[in-house]
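# Coordinates in review
The chain contents come next:
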Amino acid sequence: MRWTMKLRLVIPALLLVTACGAPEAPQAQDAPSSVPDKPSKPVELNVLDVAGNLQLTQGMIDDFVKAHPDVVSKVNATKATAPDMPGKLKAEQNSGTSQTHLVLTGTDGLASVIEQKLVHTVLPEYSARLPKLEDVYLPAANEMQKLAQNQGVAITYYPAGPLLEYDPAKVPAPPSSPAELLEWAKAHPGKFQYARPANSGPGRTFLMGLPYLLGDKDPKDPENGWDKTWAYLKELGQYVDNYPGGTTDVMKNLANGTSWMVASTTGWDINPRVLGSVPEGMKIATFKDFHWVTDAHYAVIPKGVSADVLSANLALIKFMLEPQQQAKAYDKGYFYPGPAVKGVTLDMAPKESQEAIARFGRAEYDRLIEENPKEQSLPATAQVKAFQRWDREIGKK
């Protein structure tokens with residue numbers, strides 16, 4: 001009788017376990033059903049920067065906090081690498097505690113969070129909270145905004161590269177084509193360097209610029225359209241000693257003479273010379289008939305944040321797109337020019353920005369930006385595939 005009673009109790013329990021399965025980790029919810037015009041009380045925002053973007057926007061954020069103490073009481077800023085960021089967000093969201101409220105990212109991190117569905121869809125759900133983006137953006141910045149697939153907002157922009165930066169004392173005649181670069185690298189093994197594209201603006205700009213220079217079948221298809229590019233990078237790799245994990249190490253190597261020539265961009269040329277981490281006398285060269293690969297930084301809002309935090313984020317992003325705030329993006333040339341919106345000129349920037357660019361900028365940049373075609377970075381899925389293939393076939397050495 002006791003065994004019968006136990007079976008009567010156990011069988012329904014087993015059926016319940018079978019029907020329901022094992023418990024799953026909590027998933028981050030999509031946007032709150034109702035987002036107030038402003039938070040019910042000032043919020044403390046935790047901002048994660050994986051693109052060096054705070055160099056451009058810290059002043060904008062500080063001004064927002066001063067102007068809107070009723071929206072944001074404090075901003076805590078932290079930094080991480082783009083490859084590490086998706087795992088951090090995923091762990092927070094699976095635990096049900098979204099401690100990261102806003103992420104400032106480049107196209108590398110943007111591609112990852114879109115692919116892994118880690119951030120809110122911002123547009124058109126909250127378009128009324130923002131300016132009409134297609135009306136305020138520069139045309140090329142508006143093209144970069146399309147890469148966000150409505151899941152982020154471009155806040156800074158620049159036509160990045162690819163450029164070559166070199167020590168003129170050691171490189172009297174810089175290459176003007178990929179073929180000449182290959183010959184130079186062969187003659188000077190270990191003296192040309194670029195960083196891992198998945199975590200480097202100049203690295204991915206060099207990677208995405210080569211298909212246009214080499215005449216590949218489809219510059220937008222790294223899997224099936226880059227036969228010449230992958231072959232070229234493998235051959236070039238015979239003369240590259242290593243690929244640093246980020247651009248900072250590449251610039252250190254240029255400064256200390258370990259490398260004589262590196263892949264660069266307008267911002268990575270100007271800013272390290274302003275800061276003194278790279279000697280002022282370094283020069284830049286461009287490939288003949290090159291296409292600019294444009295770049296941008298984005299604000300993305302992780303899933304799982306509260307309605308009050310979402311409201312504060314939208315107000316902050318809108319503020320950062322105001323022309324007088326965008327002028328701060330000139331900074332010290334880190335993302336030259338920097339502003340994503342129309343009508344923002346250098347004379348609107350802080351005095352120290354004007355002085356830095358007057359001394360360390362290049363007179364030829366404005367002409368090169370005007371004269372050379374501009375190509376949008378790869379879309380998210382294609383960019384991830386390009387990085388993975390580079391890691392697998394090129395960087396594994």
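Reading guide: rules and limits
Residues numbered from 1 in each chain as written. Predicted model: local features only at pLDDT ≥ 70, side-chain atom pairs only at ≥ 80, totals over all residues. Heavy atoms only, no water. Phe/Tyr/Trp six-rings, centres within 6.5 Å; stacked < 30°, edge-to-face > 60°. Helix = DSSP H or I, 4+ residues; strand = E, 2+ residues; numbered from the N terminus. Buried < 20%, exposed > 50% of the residue type's maximum accessible area, 1.4 Å probe, protein only. Contact = heavy atoms within 4.5 Å. Expected span 1.5 Å × (residues − 1). Pairing = 2+ DSSP bridges. Core = buried A, V, L, I, M, F, W, Y, C linked by side-chain atoms within 4.5 Å. Salt bridge = Lys/Arg side-chain N within 4 Å of Asp/Glu carboxyl O.

Identification of the protein chain as Extracellular solute-binding protein from Lentzea sokolovensis is taken from an unreviewed UniProt entry.

### Details of the packing of aromatic side chains
In this structure the tally under the stated criterion is 14 aromatic pairs. Ring centres of Tyr 158 and Phe 335 lie 4.0 Å apart, and the angle between their planes is 35 degrees; on these two criteria the pair is classed as tilted. Separated by 177 residues along the polypeptide, Tyr 158 in strand S4 (residues 153-161) and Phe 335 in the loop between helix H13 (323-326) and helix H14 (351-360) bring together distant segments of the chain. Each member of the pair, Tyr 158 together with Phe 335, is buried.

### Some thoughts on the side chain of Ser 259
With respect to the helices and strands, Ser 259 occurs in the loop between helix H10 (247-256) and strand S7 (261-264). Classification of Ser 259 as buried rests on a relative accessible area of 1%. Discounting residues that sit within four places of it in the chain, Ser 259 has contacts with Lys 191, Gln 193, Asn 253 and Leu 254.

### Examining helix H12 (residues 307-320)
In this model H12 runs 20 Å from its N-terminal to its C-terminal C-alpha over 14 residues, within 8% of the 20 Å that 1.5 Å per residue would give. A large share of H12 lies buried, amounting to 12 of its 14 residues. Looking at H12, one finds that the buried residues are Ala 307, Asp 308, Val 309, Leu 310, Ser 311, Ala 312, Asn 313, Leu 314, Leu 316, Ile 317, Phe 319 and Met 320.

### Quick word on the sheet that holds strand S8 (residues 283-285)
One open sheet holds the four strands; their spatial order is S6-S7-S5-S8, and the pairing between them is mixed. The outermost strands of the open sheet, each flanked by one partner alone, are strand S6 (192-193) and S8.

### So, the nonpolar core
Tyr 137, Phe 192, Tyr 194, Phe 206, Leu 233, Leu 236 and Tyr 298 are the most contacted members of the largest nonpolar core, which totals 110 residues. The element contributing the most residues to this core is H12, with eight residues. With near-sequence residues (within four places) excluded, Leu 233 lies in contact with Tyr 194, Phe 206, Leu 207, Leu 210, Trp 390 and Ile 394. Of all hydrophobic cores here, the second largest spans 13 residues; its members include Leu 56, Val 250, Leu 254 and Val 278.

### Some words on the pattern of salt bridges
For the structure on display, the rule yields 17 salt bridges. The shortest N-O distance in the salt bridge between Arg 367 and Glu 371 comes to 3.4 Å. Of the two residues, Arg 367 and Glu 371 both sit in helix H15 (residues 363-371), four residues apart, roughly one turn of that helix. Relative accessible area serves as the criterion here: at 43%, Arg 367 is assigned to the partly exposed category. Among the ionic contacts, a cluster of salt bridges with common partners joins Asp 108, Arg 204 and Asp 295.

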